[in-house]
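Topology and contacts: notes
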Amino acid sequence: MRLVIAALLLALAALPAFSEEGPPPEITRKELKANVKRFSSDKMQGREGGTDACKQAGEWIAAEFGRLGLEAIGTDGTYFQPFATPKGTKVMPGTALSATRSESGKTTSFKLLEDFAPVDVSANGDVRGEAVFVGYGIQAPSMGYDDYAGLDVKGKVVVALRYAPRHLDRRRSPFAPNNVMMRYGTFKAKADTAHARGAAALIVINSPSTSAKKADDVLRRPGGSTTGKLPVMHMTWRAAKKLGKAIGVPFTRRQRYIDGKIDPRSEACPGVTIHVNANLEPDQRHMRNVVGLLKPDGEVVTGADGKETARARETICIGAHYDHVGLGHFGSLAGGGGKIHNGADDNASGTTALMEIAGYLASKRAALKRRVLFIAFSGEELGLLGSKHYVRTPIVPIADTVAMLNLDMVGRLTKNRLFVGGTGTSPVWPALIERLNKESGKFQLTQWPGGKAPSDHASFYEANMPVLFFFTGLHGDYHRPSDDWNTLNYQGQERVAKFAARVALELALMPQRPQFTRCDAGGFTVGPYTGLAVEQREDGVYVAHVAKKSPARKAGFKVGDKIEEWNQGRIPSTNRYNDVVSKAKPGDRVEVVVLRSGKRKKLKMKLGKT
């Protein structure tokens, strides 16, 4: 325990932005701004879960929890709840890539992690096969495009360009829409296609047209969580120039032809053998939630048996995730990795608001009637890993946790619009939120009823707990390097944090715990207006509500329709549905395939403004 206290004191020394005089009674934009700058600085390297930088961010949060007098209820008396998850693969010695010309016997070898690297969709394997250039490695017969037409690639090593023809040209390329790129232009899509055609291995080279600058010519980092079907290597454009000479294919000219005509230009490369050896082992990512418990002042109420009464054990959970997407090797919407994604709004804004709310409620300790558990989650960007782990192995029993409040992306208040999700998960929420907004919030408020969403409160909702989700909306810097501290609205963040703190205080004083109600539909609505509320069922995504005079009503949607596709992209989950809607724009015309009474129907909808 002494070591823990010493570590916290050292961490406190690195946090001059925090006050040194006990719990701050007020939430201030000055402190919010100072701490957002700290958490989203380049030194934090984007706070990818499991990295040293993310661990350092967790230490800062733990130090603040200690200063505020929160009880350390984590492992071994610390503020941490550690957990591990499969990271994918470790690249082991022996992983190699080379090309040999039979005529001359000359072999061109490439450097691991400098010229090439296995990607997250790679399988283990030691392969030697004839080289075949397959353009972009795409088969899209419905679009009249097939890079594999007329080629026999069984047992061979196929080489493909990254992305898709003219993928950045929204006016002239059929592959430019995000959903089409997701279907045909990803590493996984290319690997699945190569495997289906019988290829023994796949090499994906960086695009000549987009990787001329060294800063853009980066490798996708090895690892991930996908079990592949064949060895898949990613190669830089600098190294691909040597590969092109070795197999006799001028990649730059070939790409210009394909892009210019949107017409395949593939070819076999006889007399050239490529050796691919992917030697991979499972890896783990170690992460930590940061947990601190605020107990009311006074004696704990006990019953005749000497145990705490139900009211005394009742606990409110307030959470925010502190991880982000690191250097953008996963989760980036900027096109490729290698650049620091600082995640100022996502979610340094929620993390710093969480700490300010902890200080505010700690200053009200004497008045509280319930305990308050503060959790900073790690691994949210990797699939809500931290919150899922907590719900599976709770420190405070789930039965004693009365509600969960989540703050995720609360730093970009625009046009005074605040979204509060989960308001249908308890009958007390709508009136409470509306009343507090009239009294103090004064927001242009939108309530989303459902408890399902791609953020940490969803894990608690699945455990049958009332939840609320505070959110100021998506924006053009989402999951991009441009999500930096100087883009936030700190006055707005202060107002949102104060509003969430008022809600938490009301919960801590409420005579009865809020009742839970199941509400899947409409838990997260972003992007253009559709008028649809959707819900997740075991076999897919269904329409739960169609608003009057909405784009969806005009397009002919009906309650009970199963949403199968959006612009030819599959919709297997509400998360995927929310993702494609968030990336669309008002005025876009989309084609949605629904299943109604066993028959597929195509509905065309023009998206509106929210």
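The structure contained in this document is the topic of the report that follows. Once a new chain begins, its residue numbering starts again from 1 and follows that chain's sequence as written. Since the coordinates come from a predicted model, pLDDT governs what is reported: local features require at least 70, and pairs of side-chain atoms require 80 or more to be given and counted, while whole-chain, interface and lining totals use all residues. Remark: hydrogens and water are excluded; side-chain values derive from all non-hydrogen atoms of the structure.

**Some details on the sheet that holds strand 12 (residues 267–278)**
- Taken in spatial order, the eight strands of this open sheet run 4-3-12-6-9-10-11-5, and their pairing is mixed. On the outer flanks of this sheet lie strand 4 (107–109) and strand 5 (116–118), each paired with one strand and no other. For this sheet, the mean angle separating the axes of adjacent strands, direction not counted, is 30°.
- For two strands to pair, DSSP has to find at least two bridges joining them. For helices the rule is a DSSP run of H or I covering at least 4 residues; for strands it is a run of E covering at least 2, with both sets numbered from the N terminus onward. In terms of strand pairing, strand 5 meets strand 11 (residues 232–235) through three bridges, oriented antiparallel. Its bridge partner lying in strand 11, Phe-116 is registered against Met-235.
- Between two residues, a contact is recorded if the distance between any of their heavy atoms is within 4.5 Å. Axis definition: a line fitted to C-alpha atoms, over the contacting stretch in the case of helices. Angles run 0 to 180 degrees between N-to-C directions. Packed onto the sheet, helix 5 (residues 187–196) meets strand 9 (157–161), strand 10 (201–205) and strand 11 and runs at close to 145° relative to strand 10.

**A closer look at the environment of Gln-139**
- Within the secondary structure, Gln-139 is located in strand 7 (residues 139–140).
- Look past the residues within four positions of Gln-139 in its chain and what remains in contact with it is Tyr-145, Asp-146, Tyr-148, Tyr-184, Thr-193 and Arg-197.

**Observations concerning the pattern of salt bridges**
- When a carboxyl oxygen of Asp or Glu is within 4 Å of a side-chain nitrogen of Lys or Arg, the pair counts as a salt bridge. A full pass over the atoms with the stated rule returns 26 salt bridges.
- Arg-288 is the partner of Glu-59 in a salt bridge, and the nearest nitrogen-oxygen pair spans 3.4 Å. You can see Glu-59 sitting in helix 3 (residues 52–67) and its partner Arg-288 sitting in strand 13 (residues 280–294), a full 229 residues away along the chain.
- Residues Lys-156 and Glu-130 are paired through a salt bridge, measuring 3.9 Å at the closest nitrogen-oxygen approach.

**A short note on the packing of helix 9 (residues 344–362) against helix 13 (residues 490–509)**
- Two elements in contact, helix 9 and helix 13, have axes separated by 9 Å at closest approach and are oriented at 50°. Of the possible angle classes, the one that applies to helix 9 and helix 13 is oblique. Of the two elements, helix 9 crosses helix 13, and the hand of that crossing is right-handed. For the pair helix 9 and helix 13, contact is made by Ser-349, Thr-352, Ala-353, Ile-357, Tyr-360 and Leu-361 and by Gln-493, Ala-497, Ala-500, Ala-501, Arg-502, Ala-504 and Leu-505, respectively.
- Gly falls in the polar group here, along with every residue not listed as nonpolar (Ala, Val, Leu, Ile, Met, Phe, Trp, Tyr, Cys, Pro) or charged (Asp, Glu, Lys, Arg). Taken together, the residues that form the contact of helix 9 with helix 13 break down as nine nonpolar, three polar and one charged. Each angle gets one of four labels, with under 35 degrees taken as roughly parallel, over 145 as roughly antiparallel, 65 to 115 as roughly perpendicular, and the rest as oblique. Two helices that cross are described as forming a left-handed crossing if the nearer one is turned anticlockwise from the farther one by less than a right angle, and a right-handed crossing if clockwise.

**Some points on the nonpolar core**
- The nonpolar core is taken to be a set of buried Ala, Val, Leu, Ile, Met, Phe, Trp, Tyr and Cys residues, with the residues joined through side-chain atoms within 4.5 Å. Partly exposed residues are those whose accessible area sits between 20% and 50% of the maximum for their type, while under 20% is buried and over 50% is exposed, using a 1.4 Å probe and protein chains only. Membership of the largest hydrophobic core comes to 65 residues, with the highest contact counts inside it found for Ile-318, Leu-361, Phe-374 and Phe-470.
- Ranked by the residues each element gives to this core, the list is headed by helix 13, at eleven residues.
- Filtering out sequence-adjacent residues up to four positions away, Phe-470 remains in contact with Leu-405, Asn-406, Leu-407, Asp-408, Val-410, Phe-419, Val-420, Phe-499, Ala-500 and Val-503.
- Counting residues in each nonpolar core, the second largest holds 40 residues, with Leu-97, Phe-175, Ile-258 and Cys-269 among its members.

**Observations regarding the pairing of strand 10**
- Within strand 10, five of the five residues are buried, leaving the element largely enclosed by the surrounding structure.
- With five bridges joining them, strand 9 and strand 10 adopt parallel strand pairing. Residue pairing for strand 10: Val-158 is matched across the bridge by Leu-202.
- Examined bridge by bridge, strand 10 and strand 11 share four bridges and lie parallel to one another. Its bridge partner being in strand 11, Ile-205 is matched across the sheet by Met-235.

**Quick notes on the pairing of strand 12**
- Summarising the sheet, strand 3 (residues 96–101) and strand 12 pair through six bridges and their orientation is antiparallel. Bridging from a neighbouring strand, Leu-97 pairs with Val-276 of strand 12.
- In this sheet, strand 12 lies alongside strand 6 (residues 125–133) in antiparallel orientation, the contact comprising nine bridges. Bridge pairing links Ala-131 to Cys-269 in strand 12.

**Overview of the environment of Gly-105**
- If you trace the backbone, Gly-105 turns up in the loop between strand 3 and strand 4.
- Considered as a pair, Gly-105 and Val-272 are 167 residues apart in the sequence and their alpha carbons are 9.5 Å apart.

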